[in-house]
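Close look at the chain arrangement
Listed below, chain by chain, are the residues.
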Amino acid sequence: MRSLRKLGCEPGHDEMKMRQAQHQLSIATSGKGLVEITSQVKRWVAGQGIATGFLTLYCRHTSASLLIQENADPAVQTDLANFFEEIAPEDSKRYVHKTEGLDDMPAHIRAALSQTQLAIPVASGRMVLGTWQGIYLFEHRRAPRRREVVLHLLGE
Amino acid sequence: MRSLRKLGCEPGHDEMKMRQAQHQLSIATSGKGLVEITSQVKRWVAGQGIATGFLTLYCRHTSASLLIQENADPAVQTDLANFFEEIAPEDSKRYVHKTEGLDDMPAHIRAALSQTQLAIPVASGRMVLGTWQGIYLFEHRRAPRRREVVLHLLGE
Amino acid sequence: MRSLRKLGCEPGHDEMKMRQAQHQLSIATSGKGLVEITSQVKRWVAGQGIATGFLTLYCRHTSASLLIQENADPAVQTDLANFFEEIAPEDSKRYVHKTEGLDDMPAHIRAALSQTQLAIPVASGRMVLGTWQGIYLFEHRRAPRRREVVLHLLGE
């Protein structure tokens, strides 16, 4: 055993080896707006027994996206939603792509301006989010939908 | 052998250990617009023999960027390109930085508004792209160019 | 030893195993604008003895963000700052969220339009930055602040 320990092959070493976990969140949205998913993500990360590593969140859609934003004053979300509404308005004269509804092309633009994916380091078993940071799914379509976000955690 | 197996050092364990692969794509653009690179990326990922992990794509330029977007209706790309054209127009009065051509500063802004890098989880040997998601290189300059995108895959 | 070597458990193998390093940068800003952090990040990466891997940078704030941009002509930074100033102006009529100052809501919007996190592959012990690429912290508030950026490096 002694010589193996030196070679880094004793059980203790093996327990600390790098590993991965994946999970898919299914998030119900109620039309345009931000849905906070911080607590669901925190809970899943906490359950994986990984102390040091990092988490990737991936949104499997092109008319919804991900955003890290302030989670204190709800007015921030109102203002953000208004901003994205104004910058890419629903307007039949602006877009060629209209077959999926007038809200579809603005949704693709808003997704392009925000994030499809986020990577967050994990230390002491927790994401290193700042005090005021929350993780949001940003729904860009009018109608309620189910959105899939893949979580991938890697660490030891 | 028996004791080594318990210690996680038998050949089977070794075959499953975490590993990395890197590759650089060289992409020819034909001036402003989106170039789909999904199939090239898929092919490279499939050839690495990594079942679970994640892929990072990194664009080595400041006047081209990366985007996940709808790959069904080509009109989406037209509308996206038009949007980025309007939001940061070529206009000599707007910008101080003009030495590299009137299309250069708008290109930097459009790159800042989209992504230099993307991370996509891999499960069962494939990127977890949604049904309608494609990976695009977004060229922001007028003239055709060669663009370098680094792929980094990590997994087991 | 011979048999262990075949099993991938000899010292040489152990030295090459995947590992992680984390660090937190504390960056002083002097109000709105871009602060280049490329050299600090390079120095830290170089000191970790990791040849192949990738680096994640994570900004722990919602009124500052991260950006890869041209580091040659300083006028690019002026034009970028002006663009973000115009696209989300300080204007008391536009926003509901005003309690933290008129510059706060525009700061959140500018952060949403740029990046909270960046991932950069590392090859031969260096980030694969393009020739003209620099890493910037983008301060969106008027007053000088201290900003925390977490660095997470994983590789072998």
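Residues numbered from 1 in each chain as written. Chains lettered and ligands numbered in written order. Predicted model: local features only at pLDDT ≥ 70, side-chain atom pairs only at ≥ 80, totals over all residues. Heavy atoms only, no water.

Considerations on the sheet that holds strand β5 (residues 117-123) of chain A
All names here are of chain A.
- Reading across the sheet, the five strands line up as β1-β8-β3-β5-β6 and stay open at both edges, with antiparallel pairing between neighbours. Each edge of the open sheet carries a strand with a single partner, namely β1 (19-28) and β6 (126-127).
- By the bridge criterion, two bridges tie β5 to β6 in an arrangement that is antiparallel. Looking at β6, one finds that Ala-123 is bridged to Arg-126.
- Contacts between helix α3 (residues 38-46) and the sheet are confined to β1, β3 (53-59), β5, β6 and β8 (146-155), with β1 contributing the most and set at about 155° to the helix. (Pairing = 2+ DSSP bridges. Helix = DSSP H or I, 4+ residues; strand = E, 2+ residues; numbered from the N terminus. Contact = heavy atoms within 4.5 Å. Axes fitted to C-alpha atoms, helices over the stretch in contact; angles between N-to-C directions.)

A word on the interface of chain C and chain A
- Every contact between the two is made by 39 residues of chain C and, on the other side, 41 residues of chain A.
- Here chain C meets chain A over a buried area of about 3000 Å², counting both sides, of which 62% is carbon and sulfur.
- Where chain C meets chain A, there are zero salt bridges.
- At the surface where chain C touches chain A, the tally comes to 16 residue pairs in polar contact (both at pLDDT 80 or more).
- Counting residues per element, the ones that place at least two in the side of chain C that touches chain A are α2 (11-15), β1 (19-28), β3 (53-59), α5 (104-113) and β8 (146-155) of chain C.
- Per element, the largest residue contribution to the side of chain C that touches chain A is seven residues, and it comes from α5(C). (Buried area = accessible area lost by both parts, 1.4 Å probe. Salt bridge = Lys/Arg side-chain N within 4 Å of Asp/Glu carboxyl O. Polar contact = N/O pair within 3.5 Å; in protein donor to acceptor, adjacent residues only side chain to side chain.)

Considering the packing of helix α4 (residues 75-87) of chain A against α5(C)
- Two elements in contact, α4(A) and α5(C), have axes separated by 10 Å at closest approach and are oriented at 60°. Taken as axis vectors, α4(A) and α5(C) run oblique relative to one another. By crossing handedness, the relation of α4(A) to α5(C) is classed as right-handed. Counted together, A:Val76, A:Asp79, A:Leu80, A:Phe83 and A:Phe84 of α4(A) and C:Met105, C:His108, C:Ile109, C:Ala112 and C:Leu113 of α5(C) form the full contact between these two elements.
- Across the contact of α4(A) with α5(C), the residue classes break down as eight nonpolar, one polar and one charged. (Parallel < 35°, antiparallel > 145°, perpendicular 65-115°, else oblique. Left-handed = near helix turned anticlockwise from the far one by under 90°. Nonpolar A, V, L, I, M, F, W, Y, C, P; charged D, E, K, R; others polar.)

Here's the deal with the confidence of the model for chain A
All names here are of chain A.
- In this model, chain A carries an average pLDDT of 91, and 90% of its residues clear a pLDDT of 70 or more.
- Within the model, the stretch residues 1-15 combines pLDDT values under 50 with 26 contacts to residues more than four positions away or in other chains.
- Quick note on the complex model: pTM equals 0.91, ipTM equals 0.90. (pLDDT = per-residue confidence, 0-100.)

Describing the relation of the copies chain B and chain A
- Each copy of the sequence occupies a distinct position, and chain B is placed on chain A by a rotation of 120° and an axial shift of 0.0 Å, giving an RMSD of 0.0 Å. What the superposition gives is, in effect, a three-fold axis relating one chain to the other. Across chain B, the smallest distance between a C-alpha and the rotation axis is recorded for B:Leu113, namely 3.3 Å. (Least-squares fit on C-alpha atoms with pLDDT ≥ 70 in both.)

Focus on the pattern of salt bridges
Residue and element names in this part refer to chain A.
- Here the structure, examined in full by the defined rule, presents 27 salt bridges over all chains.
- Residue Asp-104 is joined to Arg-141 by a salt bridge in which the shortest nitrogen-to-oxygen separation is 2.7 Å. With a gap of 37 residues between them, Asp-104 in helix α5 (residues 104-113) and Arg-141 in the loop between β7 (133-139) and β8 connect regions that are remote in the sequence.
- Since its relative accessible area comes to 1%, Asp-104 is described here as buried. (Buried < 20%, exposed > 50% of the residue type's maximum accessible area, 1.4 Å probe, protein only.)

A closer look at the pairing of β8(C)
Residue and element names in this part refer to chain C.
- The buried fraction of β8 amounts to eight of the 10 residues, a majority that puts the element mostly inside the structure.
- Relative to β8, β1 is paired through 10 bridges, and the arrangement is antiparallel. Residue pairing across strands places Ser-26 opposite Glu-148, the latter belonging to β8.

Let's talk about the interface of chain B and chain A
- With 40 residues of chain B at the contact, the number on the chain A side is 40 residues.
- Across the chain B to chain A interface the summed buried area is about 3000 Å²; carbon plus sulfur atoms make up 62%.
- Taken together, the connections running from chain B to chain A amount to 16 residue pairs in polar contact (both at pLDDT 80 or more).
- Contributing elements (two or more residues each) for the side of chain B that touches chain A: β3 (53-59), β4 (64-70), α4 (75-87), β5 (117-123) and β8 (146-155) of chain B.
- Taken together, the residues of the side of chain B that touches chain A sort by class into 24 nonpolar, 11 polar and five charged.

A word on the packing of aromatic side chains
- All told, the structure shown has nine aromatic pairs over all chains when counted by the stated rule.
- Between A:Phe54 and B:Phe54, the aromatic rings sit 5.3 Å apart at their centres with planes inclined by 70°, giving edge-to-face as the arrangement. Of this pair, A:Phe54 sits in strand β3 while B:Phe54 sits in strand β3, on two different chains.
- Residues C:Phe83 and C:Phe84 carry aromatic rings whose centres are separated by 5.6 Å and whose planes lie at 85° to one another, so their mutual orientation is edge-to-face.
- For C:Phe84, a relative accessible area of 1% gives the class buried.
- Through pairs of rings, three or more aromatic residues link up here, namely A:Phe54, B:Phe54 and C:Phe54. (Phe/Tyr/Trp six-rings, centres within 6.5 Å; stacked < 30°, edge-to-face > 60°.)

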